[in-house]
Amino acid sequence: MLLIDNHVHAGDKYGPVEKVIETMDAHGVTHAAIVQHMGQYNNAYLVECIAKYPNRFWAVGMVDLELPDAPKTLKHWLKKEKLHGVRLSAASLSKRPDVWDAAAENRGVISVSGLQPRDAGQVYRMKQFLDENPTAKVKIEHLGHPDPTLPPPYPTYLRIMELAEYKNVYLQLSSPYTHSAKKFPYEDMAVFAQIAKKHFGPWRLLWGSCYPPVEKFMTYAQSLEWLDTLGFDDKQRTAILQNNPIRLWDPQKRVVGDVDLT
């Protein structure tokens, strides 16, 4: 079985990709998606990473949304430089829908940061975008930023679950410490994983470590252990750690090779 981490960082702010590989190897993680950190629009290092380690990584870049030709720039990174996706904030959809359209047109996975359940407009605009771009692939980062201080049944968080009706939308189980009021294993976040499982099914959930920033809050090993506290059986765990990421990033299996997903 492969173990796939859908959210790591490497480069000028976080160090060389070899540091990521060392950590992955120490924990049996076989593949990962390198996601560009906020504020960095030069994706040359990510291009270097996937060229140097073509059988281990996918890469998700960023583009400067202040550029008038941002869609053209994005096309360059996706088509010529062979990045696999782009990281876009949820708020950017209202400001630069042309960039989102360019991502869909060029078949890049959209890794959505900062999706806020309290903002109904964000979810509405994403649904509208997905209606207009039914083949677009979307990964929602960090569980969709739930708020455990709100009372159940968490109606604001359920807005995020409305996106589960779109078959190409995946939800990433990551960064539980961001909103938790507790220490590891962040028991107050487990309910949101179960809500996500109910709506997305275990077949469109992913795991991400957010390495290396995760180490400020828990170890890399604990980020994997946290997944095991959420009540998934072995078949569901295989889907989350192997099958689902391959369907999202690598349906042609160019990176992972011949893997049986049955």
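Residues numbered from 1 in each chain as written. Predicted model: local features only at pLDDT ≥ 70, side-chain atom pairs only at ≥ 80, totals over all residues. Heavy atoms only, no water.

## What about the overall build of the protein chain?
The following threshold applies: Every helix listed is a DSSP run of H or I at least four residues long, and every strand listed is a run of E at least two residues long, numbered separately from the N terminus. Within these notes, the globule rule equals 2.2 Å times the number of residues to the 0.38 power, and the radius of gyration is based on C-alpha atoms. Partly exposed describes any residue whose relative accessible area lies between the buried limit of under 20% and the exposed limit of over 50%, with all areas from a 1.4 Å probe on protein chains only and scaled to the type maximum.
The secondary structure content of the protein chain amounts to ten helices and eight strands. The C-alpha radius of gyration of the protein chain comes to 17 Å, within 12% of the 18 Å expected for a compact globule of 262 residues. Projected onto the principal axes, the alpha-carbon positions of the protein chain cover approximately 45 × 40 × 35 Å. Put simply, the protein chain has 262 residues, and 56% of those count as buried.

## Description of the packing of aromatic side chains
Applied cut-off: Aromatic contacts are taken between Phe, Tyr and Trp rings whose centres are within 6.5 Å, Trp giving its six-membered ring; a plane angle under 30 degrees counts as stacked, one over 60 as edge-to-face, and the others as tilted.
Tallied over the full model, the rule gives ten aromatic pairs. Where Tyr 53 meets Phe 57, the ring centres are 6.3 Å apart and the plane angle is 75°; that geometry is what we call edge-to-face. The buried category is assigned to Phe 57, whose relative accessible area is 1%. Between Trp 58 and Trp 249, the ring centres sit 6.4 Å apart and the planes meet at 20°, which makes this aromatic pair stacked. Within this pair, whereas Trp 58 is found in strand S3 (residues 57–61), its partner Trp 249 is found in helix H10 (residues 234–249), the two being separated by 191 residues in sequence. Owing to a relative accessible area of 0%, Trp 58 belongs among the buried residues under this scheme. Within the aromatic cluster, the residues linked to one another by ring pairs are Tyr 177, Phe 184, Tyr 186 and Phe 217.

## Looking at the sheet that holds S3
As a reminder, the rule being used: Note on pairing: two strands pair once DSSP finds at least 2 bridges between them. Helix axes are fitted only over the stretch in contact, all axes being lines through C-alpha atoms; the angle between N-to-C directions runs from 0 to 180 degrees. When checking whether two residues touch, look at their non-hydrogen atoms; a contact exists if any pair is within 4.5 Å.
Taken in spatial order, the eight strands line up as S1-S2-S3-S4-S5-S6-S7-S8 in an open sheet, and their pairing is parallel. The open sheet terminates on both sides in strands that have one partner only, identified here as strand S1 (4–8) and strand S8 (205–207). Mean inter-strand twist for the sheet, computed between neighbouring axes without regard to direction, equals 25°. Its contacts with the sheet place helix H8 (residues 190–200) against strand S7 (169–173) and S8, and it is angled at close to 160° to S7. Contacting S1, strand S2 (31–35), S3, strand S5 (109–113), strand S6 (138–140), S7 and S8, H10 runs over the sheet at an angle of about 110° to S8.

## A short note on the side chain of Asn 168
If you trace the backbone, Asn 168 turns up in the loop between helix H7 (155–161) and S7. On the basis of relative accessible area, Asn 168 is assigned to the buried category, the value being 17%. The residues contacting Asn 168, other than those within four sequence positions of it, are Pro 134, Thr 135, Ala 136, Lys 137 and Val 138.

## Notes on the pairing of S3
We apply this condition: Assignment of crossover handedness uses the view with strands pointing away from the viewer, where a clockwise path from the first strand over the helix to the second indicates a right-handed crossover.
Counting buried positions along S3 gives five out of five residues, so the element sits mostly inside the fold. Side chains Phe 57, Ala 59 and Gly 61 project from S3 onto one buried face, and the interleaved Trp 58 and Val 60 project onto a second face that is buried too. Bridge analysis of S2 against S3 gives four bridges, and the strand direction is parallel. By the bridge assignment, Ile 34 is partnered in S3 with Ala 59. Where the polypeptide runs from S2 across helix H2 (residues 44–52) and back to S3, its parallel neighbour, the crossover connection is right-handed. Direction of pairing for S3 relative to strand S4 (residues 85–89): parallel, over a ladder of two bridges. Bridge pairing links Gly 61 to Val 86 in S4.

## Thoughts on a positive patch on the surface
How we decide: The patch calculation keeps residues exceeding 30% relative accessible area without a salt bridge and links them within 9 Å when they carry like charges or within 5 Å when they are nonpolar (Val, Leu, Ile, Met, Phe, Trp, Tyr). The Shrake-Rupley method, run with a 1.4 Å probe, gives the accessible areas here. Residue values count only the displayed protein chains as cover. In what follows, salt bridge is the name for a side-chain nitrogen of Lys or Arg lying within 4 Å of a carboxyl oxygen of Asp or Glu. We treat Lys and Arg as the positive residues and Asp and Glu as the negative residues; His and chain ends play no part in the count. Just so you know, the charge point we use is NZ for Lys, CZ for Arg, CG for Asp and CD for Glu.
A contiguous patch of positive charge on the surface is contributed by Lys 75, Lys 79, Lys 82, Arg 107 and Arg 254. Among the secondary structure elements, Lys 75 is positioned in helix H3 (residues 70–80).

## Structural notes on the environment of Leu 163
Among the structural elements, Leu 163 can be located in the loop between H7 and S7. Those residues in contact with Leu 163 that sit more than four places away from it in its chain are Leu 115, Val 123, Met 126, Lys 127, Leu 130, Ile 140, Val 169 and Phe 200.

## Section: the nonpolar core
Heads up, the rule is: Buried Ala, Val, Leu, Ile, Met, Phe, Trp, Tyr and Cys residues form a nonpolar core when they are joined through side-chain atoms within 4.5 Å.
Counting 75 residues, the largest nonpolar core has Phe 57, Ile 110, Tyr 157, Leu 171 and Leu 173 as the members making the most contacts within it. Sequence-distant contacts of Leu 173, that is, excluding residues within four places in its chain, are made with Leu 143, Ala 193, Leu 205, Leu 206, Trp 207, Gly 208, Trp 226, Leu 227, Leu 230, Phe 232 and Ile 240. Membership of the second largest hydrophobic core comes to 15 residues, among which are Val 60, Tyr 170, Leu 206 and Val 256.

## Some thoughts on H8
Within the sequence span of H8, burial applies to Phe 192, Ala 193, Ile 195, Ala 196, Lys 197 and Phe 200. Where H8 is buried, its residues touch H7, S7, S8 and H10. Taken from the residues just after H8, Gly 201 is the one with a positive phi, measuring 70°.

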